[in-house]
Amino acid sequence: MFGTPYRLWPHLGRLRYPVMFYLLVISFMLACALSVNDRRVYIGAALFYLSGLFVARQRFVFPEKINAMPGLPLYYLDQYLIASSVW
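Thresholds applied
Each chain carries its own residue numbering, running from 1 in the direction its sequence is written. In keeping with the model being predicted, local features are shown solely for residues with a pLDDT of at least 70 and side-chain atom pairs are shown and tallied solely at 80 or more, while totals for entire chains, interfaces and linings include all residues. Side-chain figures throughout are based on the complete set of non-hydrogen atoms in the structure, without hydrogens or water. Only residues whose relative accessible area exceeds 30% and that form no salt bridge are eligible for patches; like-charged ones are grouped when within 9 Å, while nonpolar side chains (Val, Leu, Ile, Met, Phe, Trp, Tyr) are grouped when within 5 Å. Each accessible area is a Shrake-Rupley estimate made with a 1.4 Å probe; only the visible protein chains count as cover when residues are assessed. Just to be clear on terms, a salt bridge is a Lys or Arg side-chain nitrogen sitting within 4 Å of an Asp or Glu carboxyl oxygen. A run of DSSP states H or I qualifies as a helix once it reaches four residues; a run of E qualifies as a strand once it reaches two. Both are numbered from the N-terminal end. Working definition: with a 1.4 Å probe on protein chains only, accessible area under 20% of the residue-type maximum means buried, over 50% means exposed, and in between means partly exposed. Under the convention used throughout, the expected extent of a helix is 1.5 Å for every residue step, that is, one less than its residue count. Each C-beta atom gives one direction from the helix axis, and the arc is the one those directions make. Only buried residues count toward a nonpolar core. Its members are Ala, Val, Leu, Ile, Met, Phe, Trp, Tyr and Cys residues joined through side-chain atoms within 4.5 Å. The contact rule is simple, with two residues in contact once any of their heavy atoms fall within 4.5 Å. Two rings belonging to Phe, Tyr or Trp (six-membered ring only in the last case) form a pair when the distance between their centres is within 6.5 Å. Interplanar angles under 30 degrees mark stacking, angles over 60 mark edge-to-face geometry, and anything in between is tilted.

> I tried to follow a nonpolar patch on the surface on my own but got confused; where do I start?
A grouping of Phe-21, Leu-24 and Val-25 is seen on the molecular surface, where their side chains present a nonpolar patch of about 310 Å² in accessible area. With respect to the element layout, Leu-24 can be found in helix H2 (residues 16-33). Overall, Leu-24 belongs to the exposed group, its relative accessible area being 57%.

> Can you help me understand H2 in this one?
Spacing of three or four residues puts side chains on the same side of an α-helix, whose turn is 3.6 residues. Given a rise of 1.5 Å per residue, 18 residues ought to cover 26 Å, and the 26 Å separating the end C-alpha atoms of H2 matches this to within 8%. For H2, every residue scored as buried is listed here: Val-19, Met-20, Leu-23, Ile-26, Leu-30 and Ala-33. Along the axis of H2, the buried positions cluster into a sector of 135°, meaning they face one direction only. Seen from the buried face of H2, the exposed residues on the opposite side, beyond 90 degrees, are Tyr-17, Phe-21, Leu-24 and Phe-28.

> So what exactly am I meant to see when it comes to the nonpolar core here?
Side chains of nonpolar character tend, in soluble globular proteins, to be buried together. Listed in full, the 10 residues of the largest apolar core are Leu-8, Leu-12, Val-19, Met-20, Leu-23, Ile-26, Phe-48, Leu-53, Ala-56 and Phe-60. Going through the elements one at a time, H2 and helix H3 (39-61) are the ones with two or more residues in this core.

> Would you mind going over the environment of Val-36 with me for this structure?
When you line up the elements, Val-36 lands in the loop between H2 and H3. Residues Val-36 and Leu-77 lie 41 residues apart in sequence; the distance between their C-alpha atoms is 18 Å. The residues touching Val-36, leaving out its near neighbours within four places in the chain, are Val-41 and Tyr-42.

> For this particular structure, what's the right way to read the packing of aromatic side chains?
To describe a pair of aromatic rings, you give the distance between the ring centres and the angle between the ring planes. The full count for this structure, using the stated rule, is 3 aromatic pairs. Summarising the aromatic geometry, the rings of Phe-48 and Tyr-75 are spaced 6.1 Å apart at their centres and angled 45° between planes, so their arrangement reads as tilted. You can see Phe-48 sitting in helix H3 and its partner Tyr-75 sitting in helix H5 (residues 71-84), a full 27 residues away along the chain. Tyr-75 sits in the partly exposed class, given a relative accessible area of 34%.

Here it is in structure tokens:
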């Protein structure tokens with residue numbers, strides 16, 4: 001996939017370890033979300049992970065606005081899904 005850590009690694013420079021730590025944290029969040037018995041939570045977590053990959057691709061690999069466009073709508077949708085699971 002376009003945003004895997006292996007494809008990001010050569011482009012990260014001095015931010016390699018903070019970005020990899022962030023990927024580890026959101027991967028753990030995604031794994032925890034899969035244990036919740038609410039579809040909105042794990043779909044929201046998966047969309048959050050995906051939006052993060054779009055942002056990383058835009059920021060580090062291919063910095064064009066077209067790459068940033070899917071990230072923000074996905075982010076708002078995932079936040080809505082996760083927040084709506086509280087009600």
